[in-house]
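Structural description and commentary
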Amino acid sequence: MRGGTVQINWHDTKPVLALDFHPFSGILATAGADFDIKLWLINSGEVEKKVPTVNYQNSLTYHGSAVNALRFSPSGEQLASGADGGEMIIWKLHTTEEGQAWKVLKTLSFHRKDVLDVQWSSDGAFLISGSVDNSCIIWDVNKGSVHQILDAHFHYVQGVAWDPLAKYAASLSSDRTCRIYVNKPQKTKGIEKINYEIQSAKTHLFHDETLPSFFRRLAWSPDGSFLLLPAVPAQGRLCPSLVLGGGLPLTLARPALLLPGASKPVVAVRFCPMAFSLRGSSSSAFFKLPYRLIFAVATLNSLYIYDTQSIQPIAILAGLHYAAVTDISWSPTGKYVALSSQDGYCTLVEFENDELGPPVSFSENKVMGDENKISIQNLEDTKRNEDTTNKNDIVDVESLKADAEINEVKQMPPSLITSTPAPNKPAKRRITPMAID
């Protein structure tokens, strides 16, 4: 593993407020306070044993204010961006004789104030956004219109997330609440349409409006098993919280796991899109999964990388930036993780081949050879079987929380262990993690 801050003029010395990797090409898109979106090609530093570098590719210029959020659609054909003043744009990739170019497809207008976060649905048909106007909006991308307004928050909505199985959506606000919305489709003239209703809300687990960041970017795991939330105080320290997202009914009565270790507020979290084989025996793992998920947690100035086999971070990069980190993104193969910051720079971390472990397929749990892409199409099939989930599969989170609070984790130097392949075991439904004593 190698990485560091790339010392180039990313956005004319202005803050870099968001970034995202294209789901197939690996192109990195960054958004800044200079009103532009810029595209970059990542160059590996593995051969020369140096920090990876970037080459500027193109700029997408249309916004009239600072761009706070951007996300590629699952198909990679569209890009959504949100900016100050409630401005939102859908960009579409066009192929011309001269090559490929991104052009404005639609402008979405309804938010009255700054848009702070956006997220696509798994089928790319809908988009959810969170704003300073205290609301979340679900957009019909094809129509370019508002599909539903979720206005349960009483302060800024600083993060939104969409369950990859299209069952739930979530939002996190500076009113110290995380709200979970469940999809209860309604039929209109014989056509079934998505309709999200509040299922649960948790209060007083999150930092108030004095958090020195505009963003609280939360994330769902690629298999739909976990919802990871930033900025959760525990025992007087600010830590992320790993919340059970799978199983029915979904409850936020208690977190599934608290991750101690972060000394400063957590502002963004992101799961790696890949799954990896287990490291040896899984008897000591906190969750009984047939594979290992890896996720990144960004505090105001540091990066922690965890996996689902241990509450101890497998890597820590501290003191990366002089100003607050604003966003995290993983490349589609899991080789790179990128951070953006208000100091106007971005950090790139590169992992060597199989440093995180051999990748495995979510659907078959088989070790993947040279194939670097994982299809999660089968996750949609698992949604149909959710109603058959046994209620006894739900984790006893109370006992797990007590164990997590006792086990305070000390910061450790980066150590990445090559793991062994997981046994073949077909996945037929959403996997509900189980706590192991």
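Things to note about the sheet that holds strand 4 (residues 36–43)
- The strand order 2-3-4-5 describes an open sheet built from 4 strands, whose pairing is antiparallel. Looking at strand neighbours, the two that pair on one side only are strand 2 (16–21) and strand 5 (53–61), the edges of this open sheet. Averaged over all neighbouring strand pairs, the angle between strand axes comes to 25°, with direction disregarded.
- Both strand 2 and strand 3 (residues 28–32) contribute to a ladder of 5 bridges, which runs antiparallel. Paired with Ala18 across the strands is Ala31, a residue of strand 3.

Some remarks on the sheet that holds strand 10 (residues 115–120)
- Strand order in the open sheet formed by 4 strands is 10-11-12-13, and the pairing between neighbours is antiparallel. The open sheet has two free edges, formed respectively by strand 10 and strand 13 (145–150), since each of these has just one partner strand. Neighbour-to-neighbour, the strand axes of the sheet open up by a mean angle of 25°, direction not taken into account.
- Note: strand 12 (residues 136–140) against strand 13, 5 bridges, orientation antiparallel. Within strand 13, the position partnered with Ile137 by the bridge is Ile149.

Considerations on the environment of Asp133
- Position of Asp133 relative to the elements: it lies in the loop between strand 11 (126–131) and strand 12.
- On the accessibility criterion, Asp133 (8% relative accessible area) is buried.
- Separated by 23 residues in sequence, Asp133 and Tyr156 have C-alpha atoms that sit 6.4 Å apart.
- Setting aside anything within four residues of it in sequence, one finds Asp133 in contact with His111, Arg112 and Lys113.
- Only 3.1 Å separates the side chain of Asp133 from the backbone nitrogen of Arg112, close enough to count as a polar contact.

Re the confidence of the model for the chain
- Chain-level statistics for the chain give a pLDDT mean of 78 and a share of 72% at 70 or above.
- Predicted confidence for residues 246–250 stays below pLDDT 50, and this span has 22 contacts to residues more than four positions away or in other chains.
- Long-range and interchain partners of residues 369–437, a stretch whose pLDDT sits below 50, account for 150 contacts in this model, where long-range means more than four residues apart.

A short note on the nonpolar core
- Counting residues in each nonpolar core, the largest one holds 24 residues, and the members touching the most others are Ile294, Leu303, Ile305, Trp330, Val337, Phe351 and Leu356.
- Broken down by secondary-structure element, the contributors of at least two residues to this core are strand 24 (266–276), strand 25 (292–299), strand 26 (303–307), strand 27 (310–317), strand 28 (325–330) and strand 29 (336–341).
- Per-element tally for this core: the top contributor is strand 24, with 5 residues.
- Beyond its immediate stretch of four places on either side in the chain, Ile294 contacts Phe271, Cys272, Phe276, Ile305, Tyr306, Asp307, Trp330 and Leu356.
- If you look at the next biggest cluster of nonpolar residues, it comprises 22 residues, including Ala219, Ile311, Ile316 and Val360.

Considering the environment of Val6
- Residue position: Val6 is located in strand 1 (residues 2–6).
- Judged by relative accessible area, Val6 falls into the buried class, the value being 7%.
- The spacing of Val6 and Cys346 is 340 residues in sequence and 6.0 Å in space, taken between C-alpha atoms.
- Discounting chain neighbours no more than four positions away, the residues touching Val6 are Pro52, Val54, Tyr345, Cys346 and Leu348.

Parameters at a glance
Residues numbered from 1 in each chain as written. Predicted model: local features only at pLDDT ≥ 70, side-chain atom pairs only at ≥ 80, totals over all residues. Heavy atoms only, no water. Pairing = 2+ DSSP bridges. Helix = DSSP H or I, 4+ residues; strand = E, 2+ residues; numbered from the N terminus. Axes fitted to C-alpha atoms, helices over the stretch in contact; angles between N-to-C directions. Buried < 20%, exposed > 50% of the residue type's maximum accessible area, 1.4 Å probe, protein only. Contact = heavy atoms within 4.5 Å. Polar contact = N/O pair within 3.5 Å; in protein donor to acceptor, adjacent residues only side chain to side chain. pLDDT = per-residue confidence, 0-100. Core = buried A, V, L, I, M, F, W, Y, C linked by side-chain atoms within 4.5 Å.

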